[in-house]
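# Overview (structure and organization)
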Amino acid sequence: MNETVRFILIGVVVCLAALTISQCQVQSTSGREIARSSLVFNHVIIDPTPPSGSGCCLDVLSIGDIDGDAQADIMVGSENSIGAVWYNKPSWTRYVIGRGDFTTDGEIADLDRDGDGDVVISSISRDAIEWWENRGNPFEESGWVRHEIGERFSHDIAIGDLNRDGNLDVAIFRKDSPRQLTWFEAPDDPLEKWNRYEIDTPPGEGLDLGDLDGDGDLDIAASHNWYENRDGKGFRWSKHSVTSSWGNDSRDIIADINGDGKQDILLSHAEGEGRVSWFENQTWREHIIEPDSLKGCHSLEAGDFDLDGDLDVFMGEMNTGGGKVMVYENLGDATTWQRLGLATTGTHNALIGDIGSDGALDIVGKNYTGPKVVEMWKNTRRRERNRGLPSQGFGLALLLLAIALFIFIHLPSRKIAQVDKYKAVKMIAGKHRETKAVRIEKNANQVFLSQKSDWETSVTERDEDEELKIATIAEELDLHL
């Protein structure tokens, strides 16, 4: 490799490293501002006239893969219309699941482990928790079969493996008399009888499942309390208070808000008025996100909307309350938040999920009463805009600089002077001071090259009539040294 090429290569590598570093510096110093200005949601109407009756009520909303195509579909249920329907992505064509007057909460989950989504829902008139089996053709009403899990309809439903047997169990929180916080144990065959276990009879609403004590099993957050799964099998429970300064009707979310590896509890006032806060595990110290009083904040979720590695918070008031729909961006320490308003028309039981299959969390909602639509706030962020990239970029820059240093130190440089016959050729051999001897055969003439400690190489030629050309020596040196 001659000197010119070597320095050109080093220059290219150093320039690439400098460019990488400069881009990283721009992202690390102004990335937060970029993230705030680019946290944009596009409003999309999925169904302008969902079946819900003229007055009340479009109660249920759930997100999940119903037809087994690995894309998020949407399910809604109502009290005074068809019952439960689902919307198939991406056309959002509406299909009927089943008839009934369904209230407040529902879930999409593969209870029978056949690869598609079944539906768990609460029926008022049948006074029961039901699961609707997806028989593999969810596009026809006949493709769904109703099964009863247990008696008593409920305001809140949550699904998870509470006894760690590999089956998806169902927990419910019923606020109407008789009040009950209960879970149903899923049998190996969900068509068989589900065993019922009562945990408590507290007032209120709000339910979520998560491992709050870090012992590997699911605990329960309900209203402003949490219930410890003492034996890991769902038979022994201990009740703990999260806060005494909260109403009974809450929205509960279990999530690691501050990123310390422990699951915290996020609360809003679902029916009344009040602030929105998260409570830090294990002291349950309160951290206020929204200090102003929100009215009827019946939608509450935590997720990384801006793709910066920490959890942001979505909250929405019902249209019968304050009507505000908002995202709160976590500015990095879970104590400082920036609010982004999405709407003032309200939402009810809204949820988040990657509807666009692009790595960004979207929001799906609908109103409980009044003018009702099924709508989505589409997150325009993309996964490749993750602000975690600067640290990776600095690593790449260091790698490029190391390559440049390696080229400079280890690859020999050779300057080949003009060669005249009968004269020695001066060659600068780079950084290698050790003595080398190379024998080169060319056209029956022997040329001996000896590298000296003074970095000069003398060339001796047996046939004085043969001129040695610089290109030939360069070629031979590149081949043999």
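Residues numbered from 1 in each chain as written. Predicted model: local features only at pLDDT ≥ 70, side-chain atom pairs only at ≥ 80, totals over all residues. Heavy atoms only, no water.

## Some remarks on the overall build of the chain
When helices and strands are counted, the chain shows 3 helices and 33 strands. Within the chain, residue pairs in contact and separated by at least 24 positions form 48% of the contacts whose partners lie at least 6 positions apart. Accessible surface, the chain as shown: approximately 21,400 Å² in total, 51% of it carbon and sulfur. (Helix = DSSP H or I, 4+ residues; strand = E, 2+ residues; numbered from the N terminus. Contact = heavy atoms within 4.5 Å. Areas by Shrake-Rupley, 256 points an atom, 1.4 Å probe, with all protein chains shown as cover.)

## A short note on the sheet that holds strand 24 (residues 325-330)
Adjacent strands of a sheet pair through backbone hydrogen bonds, lying either parallel or antiparallel. Overall, antiparallel pairing links the 4 strands, which are arranged 22-23-24-25 in an open sheet. What marks the edges here is a single partner per strand, and that holds for strand 22 (299-303) and strand 25 (337-343). Direction aside, the axes of adjacent strands within the sheet are offset by 20 degrees on average. Here 4 bridges tie strand 23 (residues 312-316) to strand 24, and the two strands are oriented antiparallel to one another. Bridged to Gly-316 within strand 24 is Val-325. (Pairing = 2+ DSSP bridges. Axes fitted to C-alpha atoms, helices over the stretch in contact; angles between N-to-C directions.)

## A word on the sheet that holds strand 27 (residues 362-366)
Taking strand neighbours across the sheet as the criterion, the 4 strands line up as 1-28-27-26 in an open arrangement whose pairing is antiparallel. The sheet terminates laterally at strand 1 (41-47) and strand 26 (351-353), the two strands that pair on one side only. Averaged over neighbouring strand pairs, the angle between their axes works out to 25 degrees when direction is ignored. As defined by bridge partners, strand 26 adjoins strand 27 across 3 bridges and the pair is classed as antiparallel.

## Remarks on the packing of aromatic side chains
Aromatic rings in a pair are described by how distant their centres are and how their planes are angled relative to each other. Tallied over the entire structure, the rule returns 9 aromatic pairs. With a centroid separation of 5.1 Å and 80 degrees between ring planes, the pair formed by Tyr-95 and Phe-139 is classed as edge-to-face. Of this pair, Tyr-95 sits in strand 5 (residues 93-99) while Phe-139 sits in the loop between strand 8 (128-134) and strand 9 (144-151), placing them 44 residues apart in sequence. Here the aromatic cluster, defined as three or more aromatic residues joined through ring pairs, consists of Trp-86, Tyr-95 and Phe-139. The residue whose ring lies beneath Arg-174 is Phe-153, and the NZ or CZ to ring-centre distance is 4.7 Å. (Phe/Tyr/Trp six-rings, centres within 6.5 Å; stacked < 30°, edge-to-face > 60°. Lys NZ or Arg CZ within 6 Å of the ring centre and 35° of its normal.)

## A short note on the confidence of the model for the chain
In this model, the chain carries a mean pLDDT of 81, and residues with pLDDT of at least 70 account for 72%. Low pLDDT, under 50, characterises residues 20-37; the predicted model gives this stretch 28 contacts beyond four residues in sequence or across chains. (pLDDT = per-residue confidence, 0-100.)

## Considerations on unusual backbone geometry
With an omega of 0 degrees, the peptide bond running from Ser-177 to Pro-178 counts as cis. For Pro-178, the position within the fold is in the loop between strand 11 (169-174) and strand 12 (180-185). Omega for the peptide link from Asn-281 to Gln-282 comes to 25 degrees, which places this bond in the cis form. Of note, Gln-282 is situated in the loop between strand 20 (273-280) and strand 21 (285-295). The backbone of Ser-223 shows a phi angle near 55 degrees, a positive value even though the residue is not glycine. Tracing the backbone shows Ser-223 in the loop between strand 15 (219-222) and strand 16 (225-229).

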